[in-house]
Amino acid sequence: MLKQTRLLPALLALLFFAGTSLSAQDRVESLREIDEVTGVVAGRLDQRLRSLGEGGQLKIALGRFTTEGEDTPLGDLFRSNMMSALANVERRPYLIIDAAPGAQGQADYLFSGELLDVTSAVRIVVKLVRVSDSSLAGTWTADIEKTPWIAGLIERAGSSGARRDQYETDSEESPIPAEIGGPWLSRTIHNSEDRDYFLIVSPQRAMLTAETSGSMDTMMELYSEGSRIQSDDDGGEGENSRITFTA
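Note that the structure is a prediction, hence the values are computed from the model and not measured.

What counts and how
- Residues numbered from 1 in each chain as written.
- Predicted model: local features only at pLDDT ≥ 70, side-chain atom pairs only at ≥ 80, totals over all residues.
- Heavy atoms only, no water.
- Helix = DSSP H or I, 4+ residues; strand = E, 2+ residues; numbered from the N terminus.
- Buried < 20%, exposed > 50% of the residue type's maximum accessible area, 1.4 Å probe, protein only.
- Contact = heavy atoms within 4.5 Å.
- Core = buried A, V, L, I, M, F, W, Y, C linked by side-chain atoms within 4.5 Å.
- Pairing = 2+ DSSP bridges.

*Asks:* Where do I start with the environment of E239 in this structure?
*Replies:* Here E239 shows up in the loop between β16 (227-232) and β17 (242-246). Classification of E239 as partly exposed rests on a relative accessible area of 44%. In sequence terms E239 and T218 are 21 residues apart; their C-alpha atoms lie 6.6 Å from each other. Here E239 is in contact with M216, D217, T218, D233 and D234, once residues within four sequence places are set aside.

The structure is reproduced here in structure tokens:
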């Protein structure tokens, strides 16, 4: 669900709960692109494996595809798609095995990768490594457009227990500067412990209104110099929160 906040006409540290709205069409188009990328990468890997020419049937362990070393839904989805694509290759001279703990030693090669957030896209960097000596046998890259649905699939858990995304982390120690009278700001909520912090500094005495907009129930708190001075639950439209005060 989409949740936005706007800060109007001064010193404000604000937290609120929010979510992201994702369309069904966005999801369908993203899945189609993931399938296309999987097909391209699987084809390149298949060609490389056929060229190794070591004789006999190679055993290929399919490892993890992580984001900053952490498992994500997108990495799991790409891995699953790769396993399916390779398993359906006709007359393949290799056997696909799951790279579970202890299984890598049974394989000739390990195929794994990293998903990198590069602003407008997610770059999948994959590599084929010979297990016996850890030498690199091949590497490839492919980009997937970072739609809102894709962005949600590369979220990973932060130290607070809330999943991080392209908006995080905006902590109490490092709040997001917000412009007075500026545009709405969108954030996401992943669980009841997830909070987003904003900092407003007013250059002059003024009346400030901070509010949320959207279909999610929000809770907002206002702090000044570390002390909570106001809070609101449903003071805005519907279940939205709104705080008004003189800075």
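*Asks:* Before we go on, may I ask you to explain the nonpolar core in this structure?
*Replies:* As a rule of thumb, soluble globular proteins bury nonpolar side chains together. In terms of nonpolar packing, the biggest core is built from 32 residues, with M82 and F111 touching the most fellow members. If you list the elements that add at least two residues to this core, you get α1 (24-52), β3 (58-67), α2 (73-87), β5 (94-98), β6 (109-117), β7 (121-130), β8 (136-145) and α3 (148-153). In terms of residues, this core owes the most to one element, α1, which gives 7 residues. Excluding anything up to four places from it in sequence, F111 contacts V41, L45, I60, A61, L62, G63, F65, M82, V126, K127, L128 and W140.

*Asks:* Can you walk me through the pairing of β3 in this structure?
*Replies:* Each regular strand carries side chains that alternate between the two faces of the sheet. Most of β3 is tucked away, with 8 of its 10 residues classed as buried. Pairing geometry for β3 and β5, over 5 bridges, is parallel. Bridge assignment links L58 to a residue of β5, and that residue is Y94. Here β3 pairs with β6 via 5 bridges, running parallel. If you follow I60 over to β6, its bridge partner there is Y109. By the bridge criterion, 2 bridges tie β3 to strand β4 (residues 70-71) in an arrangement that is antiparallel.

So far we have only geometry, and geometry alone does not tell us how the molecule works.
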